[in-house]
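Examining the three-dimensional arrangement
Residues per chain are reported as follows:
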Amino acid sequence: MKATELQARFERIRSNKTFEIFVISVIIISALLVGAKTYDMPRGFASVTRILDWFISAFFLIEILIRFLGEKQKRHFFANFWNWFDTLIVVVSLIPADSTDLAVIGRLVRVFRVLRMISIIPELRILLVSLVKALPQLGYVMLLMFIIFYIYAAIGSTLFEGINATLWGDITISMLTLFRVMTFEDWTDVMYETMEVYPLSWLYYLTFIFFTAFAFLNMVIGIVVGVMEQENAAARKEAAAENNEPTLDDVMLELKALHSKVEQLSQADKTK
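Residues numbered from 1 in each chain as written. Predicted model: local features only at pLDDT ≥ 70, side-chain atom pairs only at ≥ 80, totals over all residues. Heavy atoms only, no water.

Moving on, we get to the overall build of the protein. A count of helical and extended segments in the protein gives 12 helices and zero strands. Reading the secondary structure of the protein in the N-to-C direction produces α-α-α-α-α-α-α-α-α-α-α-α. Sequence-distant contacts in the protein: of pairs separated by 6 or more residues, those separated by 24 or more amount to 63%. Summing over all exposed atoms, the protein offers an accessible surface of approximately 18,000 Å²; the carbon and sulfur share of this is 68%. (Helix = DSSP H or I, 4+ residues; strand = E, 2+ residues; numbered from the N terminus. Contact = heavy atoms within 4.5 Å. Areas by Shrake-Rupley, 256 points an atom, 1.4 Å probe, with all protein chains shown as cover.)

In structure tokens:
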């Protein structure tokens, strides 16, 4: 069998939906297996899980080899970050997890094998990449939120320390209390306690909740959604380029060319 035919066969296997679903199923089984090992198991069942673990590791190694052999340009395989990520997890997970000094690392890597779901499913990749790309913009939102937290914590510590020093003793404890208020964890108990001394202190809590839980949360969602839309558009454009499909820009160029031709024909008719 020629090398090109072998490469084409591996490429068909790699792009096969059934094979992809099977890989996802093995990843899920691997995650369940790691969870099962946290329970006390009979000796026979522990032996079965050990055999399954080695089978899963061998399968992942074969799957990486199939993806590598199915790549037309082998040097481009490791140009993809996710290929590096998968290969690293698979190689490190081959470390024996029972009888060596690296047993803890081996077990931890087996836990992280579930992250391979991100590299397999494109939608999860888009979500993660969007979140990472949104971090610089989210940093400014977090900074502004910290300023609001600090101001309200200073006010709360000044006004409410005499009411409950456990919740408002200093500015750091006050910030933890405000985080409890923002997450709505029994925040009304905190509010009613201060309202017994300051009846209008409900304004303090409601304005803080408005700024943090509502306004800032919506800002974070808006930033992430905006980046996700850009990533989805880039993914659609990349898929169209791979499949030689016309993009919206190509269609617009064709329409403009047709429009200019129609105008030229109409001008020619008028001159006759």
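That was the structure; now back to the text.
Attention now goes to the pattern of salt bridges. This structure, assessed with the given rule, holds three salt bridges. Here arginine 67 and glutamate 63 are joined by a salt bridge, their closest N and O atoms 3.2 Å apart. Here the residue arginine 67 and the residue glutamate 63 both occupy positions in helix H3 (residues 43–69), the gap between them amounting to four residues, near one helical turn. With a shortest N-O distance of 2.9 Å, arginine 67 and aspartate 86 are connected by a salt bridge. Here arginine 67, found in helix H3, pairs with aspartate 86, found in helix H4 (residues 81–92); they are 19 residues apart in sequence, far enough to count as distant. Note on arginine 67: relative accessible area 10%, which makes it buried. Put simply, Glu63, Arg67 and Asp86 are held in one network by salt bridges that share partners. (Salt bridge = Lys/Arg side-chain N within 4 Å of Asp/Glu carboxyl O. Buried < 20%, exposed > 50% of the residue type's maximum accessible area, 1.4 Å probe, protein only.)

As a further point, take the side chain of glutamate 63. Assessed through its relative accessible area of 2%, glutamate 63 is described here as buried. Glutamate 63 has contacts with Phe19, Val23, Arg116 and Ile120, leaving out every residue within four places of it along the chain.

Before going further, it helps to spend a moment on the nonpolar core. As a rule of thumb, soluble globular proteins bury nonpolar side chains together. Residues Phe149, Trp168, Leu178, Tyr204, Tyr205 and Phe208 are the most contacted members of the largest nonpolar core, which totals 28 residues. Considering each element in turn, this core owes the most residues, 10 residues, to helix H11 (residues 202–242). Excluding anything up to four places from it in sequence, phenylalanine 149 contacts Met175, Leu178, Phe179, Met182, Phe208 and Thr212. Membership of the second largest hydrophobic core comes to 15 residues, among which are Phe10, Phe59, Met117 and Ile120. (Core = buried A, V, L, I, M, F, W, Y, C linked by side-chain atoms within 4.5 Å.)

To continue, consider the packing of H3 against H4. At a minimum axis distance of 10 Å, the contact between H3 and H4 shows a crossing angle of 150°. Relative to H4, H3 is oriented roughly antiparallel. Handedness of the H3/H4 crossing: left-handed. When H3 is examined against H4, the residues Phe60, Leu61, Ile64 and Arg67 are found in contact with a partner set consisting of Asn83, Asp86, Thr87 and Val90. Grouping the constituent residues of the contact of H3 with H4 by class yields four nonpolar, two polar and two charged. (Axes fitted to C-alpha atoms, helices over the stretch in contact; angles between N-to-C directions. Parallel < 35°, antiparallel > 145°, perpendicular 65-115°, else oblique. Left-handed = near helix turned anticlockwise from the far one by under 90°. Nonpolar A, V, L, I, M, F, W, Y, C, P; charged D, E, K, R; others polar.)

Next up on the list: the environment of phenylalanine 68. As for its placement among the helices and strands, phenylalanine 68 is situated in helix H3. As for phenylalanine 68 and phenylalanine 10, which are separated by 58 residues in sequence, their C-alpha atoms are 8.7 Å apart. Discounting residues that sit within four places of it in the chain, phenylalanine 68 has contacts with Lys74, Phe77 and Phe78.

In this section: a nonpolar patch on the surface. Where nonpolar side chains cluster on the molecular surface, the patch consists of Leu143, Leu144, Phe146, Ile147, Tyr150, Ile151, Ile155, Leu159, Val197 and Tyr198 and spans about 890 Å² of accessible area. Mapped onto the fold, phenylalanine 146 is located in helix H7 (residues 122–160). (Patch = residues over 30% accessible without salt bridge, like charges linked within 9 Å, V, L, I, M, F, W, Y side chains within 5 Å.)

Another point: H3. In this model, H3 (27 residues) spans 39 Å end to end at C-alpha, consistent with the 39 Å of a helix rising 1.5 Å per residue. Those residues of H3 lying buried are Ala46, Thr49, Asp53, Ile56, Ser57, Phe59, Phe60, Glu63, Ile64, Ile66 and Arg67. (Expected span 1.5 Å × (residues − 1).)

Inspection of the entire model under this criterion finds 15 aromatic pairs. Pairing phenylalanine 146 with tyrosine 150 gives two aromatic rings, centres 6.1 Å apart and planes at 40°, and the pair type is tilted. With phenylalanine 146 and tyrosine 150 both in helix H7 and four residues apart, this pair spans about one turn of that helix. Taken together, a centroid distance of 5.8 Å and an interplanar angle of 65° make the contact between phenylalanine 210 and phenylalanine 211 edge-to-face. (Phe/Tyr/Trp six-rings, centres within 6.5 Å; stacked < 30°, edge-to-face > 60°.)

Purely geometric numbers; function is a separate question.
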